[in-house]
Amino acid sequence: MMKVITYGTYDHLHRGHIRLLKRAKALGDYLIVGVTSDDFDKQRGKINVQQPLEERIAAVRATGIADKIIVEEYEGQKIDDIKRYGVDIFTVGSDWVGHFDYLNEYCKVQYLERTSGVSSTEIRSLKIKRCGLVGYTGYMNRVYAECGLVNGLEVVAICTKDRSLLSKGPLGVPLITDDYDELLNAVDLVYIHSHPNCHYSQVKKALIAGKHVMCEAPIAKSADECDELFSLADDLGLVLMDSLRTAYSTAYVRMLLLVAGGRIGDVVSVDATCTNLNTNRLPYSLSHETAWSSMTAWGPTALLPIFQILGANPERVQFSSLCDPNDKAFDIFSRINVEYGGAVGSAKVGAGAKSEGSLVVSGTKGYVYVPAPWWKTDYFEIRYENPSDNRRYFYQLDGEGIRFEWVSFLRMIESVCEGSDGVEALRREGGIEREITRATCEAIGSFERGERVRFMEVHK
Ligand code: CTP
């Protein structure tokens, strides 16, 4: 019996796929189809796949052409599969010519002509959403570049007060304006990275205008404001998503799962530090629209693992802050103590002070160590009393998680447009839970209102 094997993602299965599968089957008597896992696609940079693995497998199965379907999970697996299944012919489309010649050592390699005029990429791009970016810092350039990697998204407008911060790519966007209303008129969805003081009103305005919103954390400055925004989004059938790219880094997500699975026993503390020396203060000096204090720059990120691991309902949150003597609301360094019944969280944030930006999660059996900068990590360790039990974990991180956050945002919009409610869509996408968004808004807001804050002046 002549065995043939072929591989693919098969997102939105189309006539090009079916033609290829039929011709592959005709090369022999038995066809094995390898469908790439979601993780493997992510790893090899194919971030836009819209259908989950089960749906893609089901679509291939429904063609009735494959005799066996397997999942492709790792680089190098093709050699293993060819040996394991006694494969005679490996085949893929002509877009891969030459790429798999190395498999000739194990079986015959045959490239089949690709069907012209159709691809999963094109199908995904049919549902293009017009996107607007709002922000007053150079971070917009990075976001713009990441958006370019996401199918189904076109940045058509940028709202900024200072064009000189934009690089060549974003400067080519059709509409660049400092008028937020003008931006809203031109888009289907909006990403907000303005100063946190503007978030609540900008989010509300966008929702009222019927736009889906992804807004950097904190989306508001109190739990009440946060609740109001979510219920407005739900009433209007729109997605409102809290943006924190760390929550979309694979290593960080896997670390949370290991902790939840009891790998370090019961968690007793979470200690997160985030600092940088760039305060975004000059040349704008004390303009609060562009100046980011420690808490505004880092608070939501540093609180994220504390709330995600220990819960969104702490018994007490307290702050100790070193402030600019001329501007009390501008903390240069702060420590946040978050107390729970059986555990404590502690965050150190600094914009204008530097420390080791690591994350340590301590448990009754061992601890997790995520080295600096933990908020864009691709690596962590689980350490035990006996060092020979230690484990190291590495997961490729592309684009600091920004592109994955966008893919999740678009998928949530799709789910909501197909009738899911916002909470259901969020759960499916594994985004930041609403109670965490809410707790973050409340913590940052209470700091700014001066509640439970001990202010100290910086030593001269
Ligand atoms: N294929 C083909 N003709 C097409 C599209 C794909 O013969 N028009 C083949 C590919 O060469 C590959 C298999 O179908 O052997 C699975 O391809 P896949 O990468 O899943 O599909 P694409 O449409 O190429 O996906 P994308 O646009 O995401 O790259």
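Report follows, based on the coordinates. Small disclaimer: the values here were computed from a predicted structure and weren't measured.

**Brief notes about helix H1 (residues 15–26)**
One turn of the α-helix equals 3.6 residues, which is why residues spaced by three or four share an orientation. The end-to-end C-alpha distance of H1, which contains twelve residues, comes to 16 Å, matching closely the 16 Å that a straight helix rising 1.5 Å per residue would cover. Taken together, the buried positions of H1 are Gly16, His17, Leu20, Leu21 and Ala24. One side of H1 carries all its buried residues, which in axial view fall inside an arc of 130 degrees. Exposed residues on H1 whose side chains face more than 90 degrees from its buried face are Lys22 and Ala26. Check the buried side of H1 and you find it contacts strand E1 (3–8), strand E2 (30–36), helix H3 (53–62), strand E4 (89–93), strand E5 (108–112) and helix H5 (120–125).

**Description of the pattern of salt bridges**
One pass over the full model with this rule turns up 25 salt bridges. Between Asp38 and Arg56 there is a salt bridge; the shortest N-O distance is 2.7 Å. Separated by 18 residues along the polypeptide, Asp38 in helix H2 (residues 38–43) and Arg56 in helix H3 bring together distant segments of the chain. Taking relative accessible area as the criterion, Arg56 reaches 0% and is therefore assigned buried. We note a salt bridge from Arg44 to Asp41, for which the minimum N-O separation is 2.8 Å. With relative accessibility at 38%, the residue Arg44 sits in the partly exposed group. Using a relative accessible area of 1% as the deciding quantity, one classes Asp41 as buried. If you follow the salt bridges from partner to partner, you end up with Asp38, Asp41, Arg44 and Arg56 in one network.

**Some thoughts on the sheet that holds strand E10 (residues 212–216)**
If you trace the six strands from one edge of the open sheet to the other, you get E8-E7-E6-E9-E10-E11, paired in parallel fashion. Where the open sheet ends on each side, the last strands, each with one partner, are strand E8 (175–177) and strand E11 (240–243). Going from strand to strand, the sheet's axes swing by 20 degrees on average, the running direction of each strand aside. With four bridges joining them, strand E9 (residues 189–193) and E10 adopt parallel strand pairing. Pairing of Ile192 across the sheet is with Cys215, part of E10. Each of strand E6 (129–135), strand E7 (153–159), E9 and E10 is contacted by helix H6 (residues 139–147), which is oriented at about 165 degrees to E6, the strand it contacts most. Sitting on the sheet, helix H13 (residues 402–417) is in contact with E6, E7, E9, E10 and E11, with an inclination near 150 degrees to E10.

**Here we look at the environment of Glu73**
Mapped onto the elements of the fold, Glu73 is located in the loop between strand E3 (68–72) and helix H4 (77–85). It is 6.3 Å that separates the C-alpha atoms of Glu73 and Thr36, two residues lying 37 residues apart in sequence. For Glu73, the residues in contact, after removing those within four places along its chain, are Ser37 and Phe40.

**Let's talk about the environment of Ser388**
Along the chain, Ser388 turns up in the loop between strand E18 (379–384) and strand E19 (391–394). For Ser388, a relative accessible area of 56% translates into the label exposed. Taking the C-alpha atoms as reference points, Ser388 and Lys108, separated by 280 residues in sequence, lie 44 Å from one another.

About the criteria used
Residues numbered from 1 in each chain as written. Predicted model: local features only at pLDDT ≥ 70, side-chain atom pairs only at ≥ 80, totals over all residues. Heavy atoms only, no water. Helix = DSSP H or I, 4+ residues; strand = E, 2+ residues; numbered from the N terminus. Expected span 1.5 Å × (residues − 1). Buried < 20%, exposed > 50% of the residue type's maximum accessible area, 1.4 Å probe, protein only. Arc of directions from axis to C-beta. Contact = heavy atoms within 4.5 Å. Salt bridge = Lys/Arg side-chain N within 4 Å of Asp/Glu carboxyl O. Pairing = 2+ DSSP bridges. Axes fitted to C-alpha atoms, helices over the stretch in contact; angles between N-to-C directions.

Everything listed is a geometric property; what it means functionally is a separate question.
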